[in-house]
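Each chain, letter by letter, is given below.
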Amino acid sequence: MAFNLWGTPDEARPLSPGIRRMLASLLGVDASRVRRVAAADIRLSDPRLSAEDIAALGAFVGPDHVTCDRDQRMPRARGKSSLDLLEWREGGVVSAPDAVVAPGTEDEVLALLEWASAEGVAVVPFGGGTSVVGGLTPLDGGFRGVISLDLARFDAVEDVDPVSGLVTLGAGLSGPHAEMLLAEHGLQLGHFPQSFPYATIGGFAVTRSSGQNSAGYGRFDDMVRELTVVTPRGVIHPGRQAPATAAGPDLREVFMGSEGTFGVVTRVRVRVHPIPETKRYEAFTFRTFDAGVEALRAVEQQGTGPTVIRLSDEIESSVNLTSTDRIGEASHAPEGCLCITVFEGTPAHAASRHRETREVLLAHGGESAGEGPARAWEEGRFGAPVLRDSLLDGGALCETLETATDWSNVPRLKRAVGEALAEGLTGSGTAALVMCHVSHVYPTGCSLYFTVVAAQNGTPVEQWRAVKTAVTGAIVDNGGTVTHHHAVGTDHMPFMGREIGELGVEILRGIKRTLDPAGILNPGKLFDARG
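Residues numbered from 1 in each chain as written. Predicted model: local features only at pLDDT ≥ 70, side-chain atom pairs only at ≥ 80, totals over all residues. Heavy atoms only, no water.

### Brief notes about the packing of aromatic side chains
And then number 1: For the structure on display, the rule yields five aromatic pairs.
And then number 2: Relative to phenylalanine 196, the ring of phenylalanine 192 has its centre 4.8 Å away and its plane inclined at 75 degrees; by these criteria the two rings are edge-to-face.
And then number 3: For phenylalanine 192, a relative accessible area of 10% corresponds to the buried category.
And then number 4: Grouping aromatic residues by their ring pairs yields a cluster made of Phe192, Phe196 and Phe382.
And then number 5: Taking NZ or CZ as reference, arginine 381 lies 5.0 Å from the ring centre of phenylalanine 192, over its face.
And then number 6: Positioned over the ring face of phenylalanine 289 is lysine 414, at 5.0 Å from the centre of the ring. (Phe/Tyr/Trp six-rings, centres within 6.5 Å; stacked < 30°, edge-to-face > 60°. Buried < 20%, exposed > 50% of the residue type's maximum accessible area, 1.4 Å probe, protein only. Lys NZ or Arg CZ within 6 Å of the ring centre and 35° of its normal.)

In structure tokens, the structure reads:
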């Protein structure tokens, strides 16, 4: 990806006439002027590591795998949240890692971590660079420098076991690369978060990623059988012994969701399945969001087994956000709330699950909209983040946030978050378009995923940071989790004490002290390690 975009320049999507009209009429945004600082004018922090430091790093990994080049430091300086992307557009000095190092073995990673612990240099693991919560910001934690530890050389598929349905994937493999290599064995992981085109296997694990097929295949942490983790104290392989065990707490849970603060994940052994023989699609509409939520609850609690099931609220449906080629075109928007379903598997199994799910949705007031909207969603499902680049360039503020709660609490939480977003942005001087959908379901509850578009006012970074803080507080106050699948990073770290309790934070600090005594691994993320 380009350092200041979600995707590549070739993927750029100019704002359509329909989107421009919507921005002008609803938000007063004139998107005709592009707001972007040229790459040559970007100012990075100066490298702080000495020539002796670089030589020492080169001795561990080879001189060709360590660099202080600007073009390598720049894309590892920030992730892909709107705050990150806006910072590139404001023209100030952007802090960047002092060097980029790409080890190729666990021994090399261990040597780097031991050196960094002894020399007082922070280490930020880097996979695909898609964090949207500040997880990649190169905070030095008071150390004399920061290294970006790139995992791109961990890119193999190993130990394929089609009988058990297991395979070991290098942590640096991107989602598409992993699926391409698995396809040679007739296998599929089937994990498709919106970051899929660029995010990596290791990133999926350490952020507890949840993909769009989660209704059928579960979250990524459900798929993980074993991890290979390099810590400053040594290498550990949690989950190696058996598919299930009663031998104490599951140590995989220590590292899944740890965001690189406890160790560097280099390999992940995961559950896979044969490539589905067929797919079936159908979309439905519901008169209200609450009616659709009740229908999704019935589907999940009855266990009818869709691979994908998601529900957009009235505003998201009317804007046509599920079909990125037709956003803002009211003539193509469905009436009511749009529900997408997809079913994968053998022809007979997909048909039976489709039939049973369909019966439940129709019994709860759903009306079939045919397969067209579901196919359109699948074709364009990775396109929305690219469109955000053009919105930011055009003077609009566009961001997403997500949470999860019990079914009984969905109306309360959705209302509270919507009100906090609207009030916060109105207070910053702009109207707001707030949209929501359910995209991950469980027997006891579901996720709520919000997309907000407003006008940039004043300093956009500070504008959104203030709103996000207020909204996160509203989430916690109204029974939601601070994050369902985006992770914690820096954005949600101030709320971790309210999420897991101060004793829970102290437990994390104890793990940190044991595995990373010097505190060099991704400082300033997930929780306050200082105590």
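After that view, the rundown keeps rolling.
### So, the sheet that holds strand β2 (residues 66-67)
And then number 1: If you walk across this open sheet you meet the four strands as β2-β4-β6-β5, and the pairing is mixed. The outermost strands of the open sheet, each flanked by one partner alone, are β2 and β5 (122-126).
And then number 2: Pairing geometry for strand β4 (residues 99-101) and strand β6 (residues 146-150), over three bridges, is parallel. Residue valine 100 lies in a different strand from β6, and its bridge partner there is serine 148.
And then number 3: Packed on one face of the sheet, helix α5 (residues 106-119) meets β4, β5 and β6 and runs near 170 degrees to β6. (Pairing = 2+ DSSP bridges. Helix = DSSP H or I, 4+ residues; strand = E, 2+ residues; numbered from the N terminus. Contact = heavy atoms within 4.5 Å. Axes fitted to C-alpha atoms, helices over the stretch in contact; angles between N-to-C directions.)

### Observations concerning the UniProt feature "domain: FAD-binding PCMH-type" (unreviewed entry) in the chain
And then number 1: Those residues carrying the UniProt feature "domain: FAD-binding PCMH-type" (unreviewed entry) are residues 93-275 in this numbering.
And then number 2: Along residues 93-275, the helical share is 22% and the strand share 26%, with 47 Å between the first and last C-alpha atoms. (UniProt positions renumbered as here; feature names shortened; annotations may be inferred.)

### Quick word on the sheet that holds strand β16 (residues 337-345)
And then number 1: Pairing within the open sheet is antiparallel, and its seven strands lie in the order β17-β14-β16-β15-β19-β20-β18. Of all strands in the sheet, those with a lone pairing partner are β17 (367-370) and β18 (396-406), marking the two edges. In this sheet, neighbouring strand axes are inclined to one another by 25 degrees on average, regardless of whether the strands run parallel or antiparallel.
And then number 2: The pairing of strand β15 (residues 308-312) with β16 spans four bridges and is antiparallel. Bridging across to β16, arginine 310 finds its partner in isoleucine 340.

### Observations concerning the nonpolar core
And then number 1: Membership of the largest hydrophobic core comes to 42 residues, with the highest contact counts inside it found for Phe289, Leu311, Leu421 and Val438.
And then number 2: Counting contributing residues per domain, this core is built from domain 2 (278-381) and domain 3 (384-498), each supplying no fewer than three.
And then number 3: Judged by nonpolar contacts, the second largest core, of 34 residues, contains Ala171, Leu187, Phe255 and Val270. (Core = buried A, V, L, I, M, F, W, Y, C linked by side-chain atoms within 4.5 Å. Domains from an automatic or database assignment.)

### A closer look at the packing of helix α11 (residues 289-302) against helix α13 (residues 347-363)
And then number 1: Following both chains from N to C, one finds α11 and α13 inclined at 145 degrees, their axes separated by 9 Å at the closest point. At the point where α11 passes α13, the crossing takes the right-handed sense. Of the residues in α13, those in contact with Ala295, Ala298, Val299 and Gln302 of α11 are Glu356, Thr357, Val360 and Leu361. (Left-handed = near helix turned anticlockwise from the far one by under 90°.)

### Some details on the UniProt feature "active site" (unreviewed entry) in the chain
And then number 1: As annotated in UniProt, the feature "active site" (unreviewed entry) corresponds to Tyr449 in the numbering used here.
And then number 2: Classification of tyrosine 449 as buried rests on a relative accessible area of 10%.
And then number 3: With residues near it in sequence (within four places) discarded, tyrosine 449 still touches Gln194, Thr400, Leu401, Glu402, Met435, Cys436, His437, Ser439, His485 and His486.
And then number 4: Among the polar contacts listed, one links the side chain of tyrosine 449 to the side chain of threonine 400, at a separation of 3.1 Å. (Polar contact = N/O pair within 3.5 Å; in protein donor to acceptor, adjacent residues only side chain to side chain.)

### Things to note about the pairing of β18
And then number 1: Across the eleven residues that make up β18, a large majority, nine, are buried.
And then number 2: Bridge analysis of β18 against strand β20 (residues 445-455) gives eleven bridges, and the strand direction is antiparallel. Note on β20: the bridge partner recorded for threonine 400 is threonine 451.

### Regarding unusual backbone geometry
Peptide bonds are mostly trans, and most non-glycine residues show a negative phi.
And then number 1: Backbone geometry places arginine 208, a non-glycine residue, at a positive phi of 55 degrees.
And then number 2: Looking at the element boundaries, arginine 208 is found in the loop between α7 (201-206) and α8 (214-217).
And then number 3: Positive phi outside glycine occurs at asparagine 522, with the angle close to 40 degrees.
And then number 4: Note that asparagine 522 resides in the segment after α18 (496-515).

### Comments concerning the environment of glycine 202
And then number 1: Relative to the helices and strands, glycine 202 is located in helix α7.
And then number 2: Taking the relative accessible area as the measure of exposure, glycine 202 reaches 7% and is therefore buried.
And then number 3: For the pair glycine 202 and arginine 267, spaced 65 residues apart in the sequence, the C-alpha separation amounts to 7.2 Å.

### Some words on the side chain of threonine 266
And then number 1: Within the fold, threonine 266 resides in strand β12 (residues 264-271).
And then number 2: Judged by relative accessible area, threonine 266 falls into the buried class, the value being 0%.
And then number 3: The residues touching threonine 266, leaving out its near neighbours within four places in the chain, are Glu106, Val109, Leu151, Phe154, Leu169, Gly170, Ala171, Thr228 and Val230.

### Remarks on the pairing of strand β19 (residues 432-438)
And then number 1: Of all seven residues that make up β19, six are buried, and the element is covered over most of its length.
And then number 2: Relative to β19, β15 runs antiparallel, the two being bridged by two bridges. Looking at β19, one finds that leucine 311 is bridged to valine 438.
And then number 3: Note that β19 and β20 share six bridges and pair antiparallel. Its bridge partner being in β20, alanine 432 is matched across the sheet by alanine 454.
And then number 4: In sequence, β19 turns back onto β20 through a hairpin of six residues.

### Overview of the domain arrangement of the chain
When the parts come together, some accessible area is lost, and that loss is often what is quoted as the size of the interface.
And then number 1: Along its sequence, the chain is carved into domain 1 (157-239 + 249-274), domain 2 (278-381) and domain 3 (384-498).
And then number 2: Placing the centre of domain 1 and that of domain 3 at their C-alpha centroids yields a distance of 27 Å.
And then number 3: On the domain 3 side, the residues contacting the eleven residues of domain 1 number twelve residues.
And then number 4: Here domain 1 meets domain 3 over a buried area of about 750 Å², counting both sides, of which 46% is carbon and sulfur.
And then number 5: Of all residues in domain 1, the largest losses of buried area upon contact with domain 3 belong to Gln194, Arg219 and Glu259, amounting jointly to 53% of the total for that side.
And then number 6: On the surface where domain 1 and domain 3 come into contact, there are zero salt bridges.
And then number 7: At the surface where domain 1 touches domain 3, the tally comes to six residue pairs in polar contact (both at pLDDT 80 or more). (Buried area = accessible area lost by both parts, 1.4 Å probe. Salt bridge = Lys/Arg side-chain N within 4 Å of Asp/Glu carboxyl O.)

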